[in-house]
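# Observations on chain architecture
Chain by chain, the residues run as shown.
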Amino acid sequence: MQAVEHIYLDYAATTPLSETARRAMMPWMEEAFGNPSSPYRAGNRAAMALADAREVLGRTLNASPEEIFFTSGGTEANNWALIAGFDAFSAKGRHIITSKAEHESVLNTCRYLEKVRGAEVTYLDVDEYGFVHPESLVAAIQPGTILISIMAANNEVGTVQDLAALGAVAREHDIPFHTDAVQAYGKMPLDMNSLPIDMMSVSAHKVYGPKGVGMLYIRNGIRLTAFVHGGAQQRGRRAGTENVAGIVGFAAAAKEAVDDMVTCTERERMLRDYLIERMEREVPGALLNGDRKRRLPGNVHFSFDCIDGESMVIAMDMRGFCVSAGSACSSGSVEPSHVLLAMGRSFAHARGALRITIGEKTEKEAVDAALENIKEIVAQSRAVLHDM
């Protein structure tokens, strides 16, 4: 089959900058370059832009503006919640609970806390669909448990956790609850007035905002220690001159994503289910990973017998498609997906995984073209193995 025009199907890795975000950012990248900490008018103007962005982002979560803290992205937000949370709450104990299927920014931070800070971490099992069950969380709680961190939606397989039930367990035991919502934000309703969540990590570039910007929601009453030390920015809790242009673009993109959520997610869900149905029907041995219904609207994740996922990504790239074998943060790793292994998949299935993620610009024709190329690549790869 002829190579096709470049088709992007990796929206879970990153999204293109929206025109709305770009327009919002341009003044702050050009003439309005004042430091928001400066006392004169240019600085005051920048400070007001940050306050407006904080207000907008707070409304997307039904949260107060003072509960929004800007970061460099989701990884920093996760590090802040876990490390500063451990420091803030360690007088009560040293035990943290997370799951085996978390993003590397949570897992590696927990390992750092174990190795360097003397934390005790329980890594909960997930079931075959990637769910953490509330009863397993209850069983893991100890008298010295001081923090629970379970992601809202998995970055690889797209499984959406029951945050209300998991947060309720934490609230019942008076334990702060953090969630990595980098993949979920803008794709599902997240109401801090109704959800028992104390801290939430978000990244701008997953919702058509700029890279290098994110936020950590910290519920009023949760007193985290400062994570970045220096000046008095962000009420002394996260020092450093704020990225005004990035933050303004983040707020513009987030507002658009939340305002258009119902329409966009329904369209993505229809394309997702269409692709899943065709993949299962037309590609022998294709195994769907993650829950069939409780998954992110644009996430399609399959494992294939006798196929190497990274090799398939390269083959698809040569044909003009951007897809992935899993998390962009672990691209190039020779290890199989830790998420799939945690779900009980075999080593071969964990190595033979392919993730396709659909976004606002994805057309049905692109999905059809991707499927036809996947069918060819899988058939050719299996034929080579058969002949060896």
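So, here's what we can say about the structure. (Residues numbered from 1 in each chain as written. Predicted model: local features only at pLDDT ≥ 70, side-chain atom pairs only at ≥ 80, totals over all residues. Heavy atoms only, no water.)

## Some thoughts on the overall build of the protein chain
Quick note on the threshold: Every helix listed is a DSSP run of H or I at least four residues long, and every strand listed is a run of E at least two residues long, numbered separately from the N terminus. The reference for a compact globule is 2.2 Å times residues^0.38; the radius of gyration itself is calculated from the C-alpha atoms. We call a residue buried when its accessible area falls under 20% of the maximum for its residue type, exposed when it is over 50%, and partly exposed in between, using a 1.4 Å probe and counting protein chains only. By definition in these notes, contact holds between two residues if any of their heavy atoms fall within 4.5 Å.
Scanning the protein chain from N- to C-terminus turns up 12 helices and 12 strands. What you see for the protein chain is a C-alpha radius of gyration of 21 Å, in line with the 21 Å of a compact globule of 388 residues. Taken along the three principal axes of its C-alpha coordinates, the protein chain extends 70 × 55 × 35 Å. In the protein chain, which comprises 388 residues, the share counted as buried stands at 57%. Contacts in the protein chain between residues at least 24 apart in sequence constitute 74% of all its contacts with a sequence separation of at least 6.

## Focus: the sheet that holds strand β7 (residues 199-203)
We apply this condition: Between any two strands, pairing holds if DSSP finds at least two bridges. Between N-to-C directions, angles cover 0 to 180 degrees, with each direction set by a line fitted to C-alpha atoms, over the stretch in contact for helices.
In spatial order, the strands read β2-β8-β7-β6-β5-β3-β4; together these seven strands make up an open sheet with mixed pairing. The outermost strands of the open sheet, each flanked by one partner alone, are β2 (68-71) and β4 (120-124). Geometrically, the sheet is characterised by an average inter-axis angle of 20° between neighbouring strands, direction not taken into account. The sheet contact formed by β7 and strand β8 (residues 214-218) spans five bridges and is antiparallel. Counterpart to V202 in the pairing with β8 is M215. Together, β5 (145-149) and β6 (177-180) form the strand contacts of helix α6 (residues 163-172), whose direction differs from that of β6 by roughly 150°.

## Notes on empty space enclosed by the protein
Formally: Grid spacing is 1 Å over the protein atoms alone, the probe is 1.4 Å, and a cavity is where that probe fits but cannot get out, while a pocket is an open set with protein on both sides within 12 Å along at least five of seven lines and lining residues have an atom within 4 Å of a point. Grid points are joined across faces, edges and corners, and a volume is the space filled by probe spheres set on the points. For this scheme, ten residues count as nonpolar: Ala, Val, Leu, Ile, Met, Phe, Trp, Tyr, Cys and Pro. Four count as charged, namely Asp, Glu, Lys and Arg, and the remainder, Gly too, count as polar.
In the structure shown here, the tally under the stated rule is two cavities of 30 Å³ or more. What the largest cavity holds in volume is close to 160 Å³. Taken together, 16 residues make up the lining of the largest cavity; nearest its centre are Y11, A12, Q183, K187 and L296. Broken down by class, the residue content of the lining of the largest cavity amounts to seven nonpolar, six polar and three charged. Of the voids in this model, the second largest cavity is the one considered here, and its volume is about 30 Å³. As for the second largest cavity, its lining consists of S99, A101, E102, G130, M151, N154, V157 and Q161.

## Some remarks on the sheet that holds strand β9 (residues 287-288)
Strand order in this open sheet of three strands is β9-β10-β12, and the pairing throughout is antiparallel. Of all strands in the sheet, those bounded by a partner on one side alone are β9 and β12 (353-357). As paired strands, strand β10 (residues 299-303) and β12 are joined by five bridges and run antiparallel to one another. Residue pairing for β12: F302 is matched across the bridge by L354. The strands that helix α8 (residues 261-282) touches are β9, β10 and β12; relative to β10, the one it contacts most, it runs at about 15°.

## Regarding the layout of surface pockets
Here the second largest pocket defines a volume of roughly 250 Å³. Around the second largest pocket sit 13 residues that line it, and K92, D174, I175, P176 and I222 are the ones nearest its centre. Every element with two or more residues in the lining of the second largest pocket is listed here: β5 and α6.

## Here we look at the pattern of salt bridges
Spelled out, the test is: The rule for a salt bridge is simple: a side-chain nitrogen of Lys or Arg has to be within 4 Å of a carboxyl oxygen of Asp or Glu.
Counted by the stated rule, this structure contains 25 salt bridges. In this structure, the salt-bridge partner of R238 is E76, at a minimum N-O distance of 2.8 Å. Pair noted here: R238 is in the loop between β8 and α7 (244-259) and E76 is in helix α3 (residues 74-89), with a separation of 162 residues, a long-range link. Given the relative accessible area of 14%, R238 is considered buried. The class for E76 is buried, based on a relative accessible area of 10%. D125 is the salt-bridge partner of K100, the closest N and O atoms lying 2.5 Å from each other. Taken together, the residues span a long stretch of sequence, with K100 in the loop between β3 (95-99) and α4 (104-117) and D125 in the loop between β4 and α5 (134-140) at a distance of 25 residues.

## Section: the nonpolar core
Applied cut-off: Side-chain atoms within 4.5 Å link the members of a nonpolar core, which is a set of buried Ala, Val, Leu, Ile, Met, Phe, Trp, Tyr and Cys residues.
With 62 residues, the main nonpolar core has L57, L61, Y185, L190, M192, M200 and F250 as its most contacted residues. Those elements that provide at least two residues to this core are α2 (41-60), β2, α5, α6, β7, β8, α7 and α10 (338-342). At eight residues, α7 tops the list of elements feeding residues into this core.

## Quick look at the pairing of β7
Counting buried residues in β7 gives five out of five residues, a clear majority hidden from the surface. Burial along β7 is two-sided: M199, S201 and S203 facing one way and M200 and V202 facing the other are all buried. Across three bridges, the pairing between β6 and β7 is parallel. Bridging across to β7, D180 finds its partner in S201.

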